[in-house]
2 protein chains.
Amino acid sequence: MVNTPEAASAYHYPLLIKQILLTPLANAPHQEIVSSPGSPVRRYNYRAFYQRIGSLASSLSSLGVAMGDTVAVMDWDSHRYLECFFAVPMMGAILHTVNIRLSPQQILYTINHAEDDIILVHTDFVPILDQISERFERPVKLVLLDDGADTPNLPSGYVAEYESWLSASDGGFDFQDFDENTTATTFYTTGTTGDPKGVAYSHRQLVLHTLGLIAAFSTASGNNRFHKEDVYMPMTPMFHVHGWGMPYAATMMGVKQVYPGRYDPEKLLHLIESEQVTFSHCVPTILQMLLSAAQARNVNLSRLKIVIGGAALPEGLAKTALDFGIEVFAAYGLSETCPVITTADLSASVCERGSNEDLARRRKPGKPCALVEVRVVDQDMNDIPRDGKTSGEIVVRAPWLTQTYTKSPEATQALWHGGYLHTGDVGRFDETGSLLITDRIKDVIKSGGEWLSSLDLENIVSRCQGVREVAAIGIPDERWGERPMLIVAQVADAKSNITAEQIREAIRVHVDSGELPKWALPERVEFVDQIDKTSVGKLDKKVLRARYAQ
Amino acid sequence: MVNTPEAASAYHYPLLIKQILLTPLANAPHQEIVSSPGSPVRRYNYRAFYQRIGSLASSLSSLGVAMGDTVAVMDWDSHRYLECFFAVPMMGAILHTVNIRLSPQQILYTINHAEDDIILVHTDFVPILDQISERFERPVKLVLLDDGADTPNLPSGYVAEYESWLSASDGGFDFQDFDENTTATTFYTTGTTGDPKGVAYSHRQLVLHTLGLIAAFSTASGNNRFHKEDVYMPMTPMFHVHGWGMPYAATMMGVKQVYPGRYDPEKLLHLIESEQVTFSHCVPTILQMLLSAAQARNVNLSRLKIVIGGAALPEGLAKTALDFGIEVFAAYGLSETCPVITTADLSASVCERGSNEDLARRRKPGKPCALVEVRVVDQDMNDIPRDGKTSGEIVVRAPWLTQTYTKSPEATQALWHGGYLHTGDVGRFDETGSLLITDRIKDVIKSGGEWLSSLDLENIVSRCQGVREVAAIGIPDERWGERPMLIVAQVADAKSNITAEQIREAIRVHVDSGELPKWALPERVEFVDQIDKTSVGKLDKKVLRARYAQ
């Protein structure tokens, strides 16, 4: 027998986003999708959802949208966004999920760079488009998304309003099969410098990521698992890596879904209660807001499971969430990784709920999802020894990683140096095989071939009495390459000022215990009134490194 | 933006069987794999498992096995078989899982047809090979699989013994990436007539089926779900559609696995108890044997979940299993479908355990798995109305269906007529969207364009007092095409014989209730001493149809 590759077979089955709809339509056609943007709450079932997807494709087609065209969306989390998640790629067009938190200038850049043909714009963002639409580099058709009136006023330059547009459609659309490697979605990610960078995902990648999410979240043995009778609501914007891909997974499972519109803690809480939401995900800031609001009026959140990503889950926040009865745990990924690549492991080992051990495992980025290969490597792509101490860069292979930064061959080459996607995160595996992240690679302090986590240093110093804020950076050193330096801002009304020697002492404890290397003792400690921040409020280590380089 | 297919990208990730091993090695390297064939029980962990896979590939390679070669296995369910499930396809070779229940003549046919280069033979099957090896059409190397002695006697013509062969290997093997559409496995399926037909599966198909199995069995909300802390043991032979693909899914999840060797009810029960097995699968006959043995010595089976396939789950057996505390439920598939395409839906609706409703839903083939499209169609490929009564043929599309019958273009064309795989099963969807199977298409009685299930008629008549066995077939009719006929064998010591009129009366009740059409009343009832059977003990309707056609 010869093992001929059979991709060309007449019966080949390409992986396409439309197939995600097979199971809900067959198995749960009457299950509800709830959208809260307007008033009253809109609710329809998966069968109606599929009809609306057909109407949307038909309407887009009547505006000239065809294979390869790009349809952009600027909306809060709504049923409309979910419909676009399916209809646009199912037509063979590309869905551009516009990050509405960027500056108007950056939004303009992404619209031009992605070569958008049509933009679906929520009324809240019409003023932004008004500012920039004259600088569109190609003809763009605008469609209004309106939460309110049945017959909204169409702003000048807009060709249609979404709901009346869909109502006027004849409904049917014949979604064809095509190459599974066809691009389905695109969006932009921003670093601290330079223009936003475009990433893109194919149908194949999104279908495989959906299966990967399900395999990761549904096979858990504990109460945190995602199952067919959960009620799902995103608290991550849908423009943020497709709401972490969760709307696709929730749809494939045919669960009840709730879309909350613009995030408002009171509204989110109300929906969690009234729609009996059980499964959600968000960044720590949103969870913090939600729990603060919940504390004020004693809401019961004990049926809720929440996946935390986008930033480390702080211990205090995890504790508060557990006190509410929430099953809270971390997952890890990037815009470039679709995003999920690891999830915290809450397997039912002997571990008391809320204990230090339990908190620790909930906060870890965790263990690789199915088909994901995670390595921790040095600069020459050698695996770092698993000694529980040494860190390296986290690199990944998986079936759903972005293949290129759009039109940026150099950035792409750096991203994929050595055949693995470079996360830019520094970390290590702990003794249980869970991934820990210790730093961003650009912030790590590199000395004599060794890496020191700037975050580790900052964590130690931030616990010192009198320290309000601290940044650890590497400064150039002729012999070692770099040496650590601390920039410290003190508490304004501190009784007595903390000294550099006291700070060094605090670090020395961790050196003596073997936790940190000897050279972690800082070369220099500088006291300042304010530490420089980036536009999103993070320590601006780039500026600090430049300032203190001399 | 242009949506260029990116399959050719340097960073493309082909779906390969070796990737199934990524998660257990990263997340559960110390989890156990237990094999019972020899004495004492052999146990090792996933890390050792991976090393043995390397040793096996290295050993096979030293015998000359390369990409495209075929390696056959004749073994009971063992750690060796699991090692072959991975090592052989991971080398780019094809694993031929020989059906050791076929006749020696048929086994010879499959060995020649698959063009086996090497056969790994358990001592139990050496006598069979001795009978046929002279008729091998090409040179074949034989390797012995021995459960017993450390230094077994190598029969003449055998080049090595598995365990000593692996011990002598240097261990490492560099498993390369290659085209995901490369054939990974092949085996043979037998109909009632003609030679066995070869089916084959690619790496891509097996990886996607693995993800599909996990999405189907792990997302269930109830106690029947498959999760990371289950202990898995097959009770379906591994030569039977890769043990229904479950060993691949269990491996991807990194659960403890138990391989029982040759099936013996006492041994299976012992392993279930001693290794704390929680998840298994088998045909009804095996479950029947297991429960009979368990009844004799009052074993606790209440932690067990068992998926039933291969034949309909009888109500009485389901009830007995529930009485043991077993979570028993059906799944559906064929040799041609990798196999799983639907699973019973035990969602937590109001349904008392063991009630008629509960028994009914556990016994249904159930609802489509992720990415599986199931249709019920008439002879022109039109969908049958979902009226809860009309039946049609079940046809399927999914990413893991066999693409061809090997070297049989005509049979392939019939299998894939109209672009869907034809299951040969007749059925319909019930009001909950669950699939019901009512007959095999070749046995259905076709009259005036309508289909009548031979099984429905047989079920009714078999409940009549005095009936030992019954076959319903279609006999030619000039006006209607076919008309139903019954062949009845009576109970030997029946007090009084049942009459044809009494049988017609029993059927008339179901006609009057609207359950069956008027023309279901049989044209003819024939009483016989014995009804013809096939070699596997099924009613031989082909013979019956031929006999009564005049």
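Scope of this entry: the structure provided in the associated data block. (Residues numbered from 1 in each chain as written. Chains lettered and ligands numbered in written order. Predicted model: local features only at pLDDT ≥ 70, side-chain atom pairs only at ≥ 80, totals over all residues. Heavy atoms only, no water.)

With that settled, consider the nonpolar core. In this structure, F86(A), L129(A), F217(A), F86(B), L129(B) and F217(B) are the most contacted members of the largest nonpolar core, which totals 230 residues. The contact partners of L129(A), leaving out residues within four places of it in the chain, are M74(A), I111(A), I119(A), V121(A), F136(A), L142(A) and Y158(A). (Core = buried A, V, L, I, M, F, W, Y, C linked by side-chain atoms within 4.5 Å. Buried < 20%, exposed > 50% of the residue type's maximum accessible area, 1.4 Å probe, protein only. Contact = heavy atoms within 4.5 Å.)

Another aspect to go through is the interface of chain B and chain A. Facing 68 residues of chain B, the contacting portion of chain A comprises 68 residues. Of the roughly 6000 Å² buried where chain B meets chain A, counting both sides, 56% is carbon and sulfur surface. Linking chain B with chain A are four salt bridges, by the criterion used here. The shortest N-O distance in the salt bridge between D177(B) and R397(A) comes to 3.3 Å. Connecting chain B to chain A are 22 residue pairs in polar contact (both at pLDDT 80 or more). Elements that contribute at least two residues to the side of chain B that touches chain A include exactly α1 (22–27), β8 (183–189), α7 (203–218), α9 (246–253), β16 (367–368) and α14 (409–415) of chain B. Sorting elements by how many residues they give to the side of chain B that touches chain A places α7(B) first, with eight residues. Tallied by class, the residues present in the side of chain B that touches chain A amount to 31 nonpolar, 25 polar and twelve charged. (Buried area = accessible area lost by both parts, 1.4 Å probe. Salt bridge = Lys/Arg side-chain N within 4 Å of Asp/Glu carboxyl O. Polar contact = N/O pair within 3.5 Å; in protein donor to acceptor, adjacent residues only side chain to side chain. Helix = DSSP H or I, 4+ residues; strand = E, 2+ residues; numbered from the N terminus. Nonpolar A, V, L, I, M, F, W, Y, C, P; charged D, E, K, R; others polar.)

What follows deals with the sheet that holds strand β4 (residues 94–97) of chain B. Residue and element names in this part refer to chain B. Read from one edge to the other, the open sheet built from seven strands follows the order β7-β6-β5-β3-β4-β8-β9, with strand pairing classed as mixed. Each having just a single partner strand, β7 (158–161) and β9 (197–202) make up the two edges of the open sheet. The sheet shows a mean angle of 25 degrees between the axes of neighbouring strands, taken without regard to direction. Pairing geometry for β8 and β9, over six bridges, is antiparallel. Residue pairing across strands places T186 opposite A200, the latter belonging to β9. (Pairing = 2+ DSSP bridges. Axes fitted to C-alpha atoms, helices over the stretch in contact; angles between N-to-C directions.)

Right, let's talk about the packing of helix α15 (residues 454–462) of chain B against helix α16 (residues 500–512) of chain B for a bit. Residues and elements named next belong to chain B. Look at α15 against α16: their axes get within 9 Å of each other, and the N-to-C directions meet at 120 degrees. Taken together, the axes of α15 and α16 lie oblique to each other. Viewed along their axes, α15 and α16 form a crossing whose handedness is right-handed. Judged by residue contacts, L457, I460 and V461 of α15 engage I503, A506, I507 and H510 from α16. Of the residues contributing to the contact of α15 with α16, the split by class is six nonpolar, one polar and no charged. (Parallel < 35°, antiparallel > 145°, perpendicular 65-115°, else oblique. Left-handed = near helix turned anticlockwise from the far one by under 90°.)

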